[in-house]
Amino acid sequence: MKPHRKGRAHGAAMMIGMFFANLFDPKKITAIEHVATQRRIGSESGRITRAAAAPPAPGKLV
């Protein structure tokens, strides 16, 4: 006996549903933006370490 296969229409409908769920979920959008920002600028402790180790910029009095 062959196993039951789901039709392609079922998969397409599920993909469309997932697209709109991701598109209109503001909490997920905020979380994705936060993660992207953290990856771009690094963690707070990493920023502090890099700032402390960096030499002063030219023209600034320390």
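Predicted model only: the values in this text are computed from it and were never measured.

**Looking at the overall build of the protein**
And step 1. Scanning the protein from N- to C-terminus turns up three helices and zero strands.
And step 2. Element order for the protein, N to C, with α for helix and β for strand: α-α-α.
And step 3. Here the protein holds 62 residues, and the buried ones make up 3% of them.
And step 4. Per element, the accessible surface of the protein, about 6,200 Å² overall, is 66% carbon and sulfur.

**Here we look at a nonpolar patch on the surface**
And step 1. On the surface, Ile16, Phe19, Phe20, Leu23 and Phe24 cluster together into a nonpolar patch covering about 540 Å² of accessible area.
And step 2. Tracing the backbone shows Phe19 in helix H1 (residues 8-23).
And step 3. Residue Phe19 is classed as partly exposed on the basis of its relative accessible area of 48%.

**Re the packing of aromatic side chains**
And step 1. Counted under the stated rule, the structure contains two aromatic pairs.
And step 2. Both rings, one in Phe20 and one in Phe24, keep their centres 6.0 Å apart while their planes meet at 5 degrees; by these two values the pair is stacked.
And step 3. With relative accessibility at 60%, the residue Phe24 sits in the exposed group.
And step 4. An aromatic cluster is present here, built from Phe19, Phe20 and Phe24 joined pairwise through their rings.

**Some words on the environment of Ile29**
And step 1. In this fold, Ile29 is placed in helix H2 (residues 26-41).
And step 2. Setting aside anything within four residues of it in sequence, one finds Ile29 in contact with Asn22 and Leu23.

Calculation notes
- Residues numbered from 1 in each chain as written.
- Predicted model: local features only at pLDDT ≥ 70, side-chain atom pairs only at ≥ 80, totals over all residues.
- Heavy atoms only, no water.
- Helix = DSSP H or I, 4+ residues; strand = E, 2+ residues; numbered from the N terminus.
- Buried < 20%, exposed > 50% of the residue type's maximum accessible area, 1.4 Å probe, protein only.
- Areas by Shrake-Rupley, 256 points an atom, 1.4 Å probe, with all protein chains shown as cover.
- Patch = residues over 30% accessible without salt bridge, like charges linked within 9 Å, V, L, I, M, F, W, Y side chains within 5 Å.
- Salt bridge = Lys/Arg side-chain N within 4 Å of Asp/Glu carboxyl O.
- Phe/Tyr/Trp six-rings, centres within 6.5 Å; stacked < 30°, edge-to-face > 60°.
- Contact = heavy atoms within 4.5 Å.

None of this, on its own, says anything about what the molecule does.
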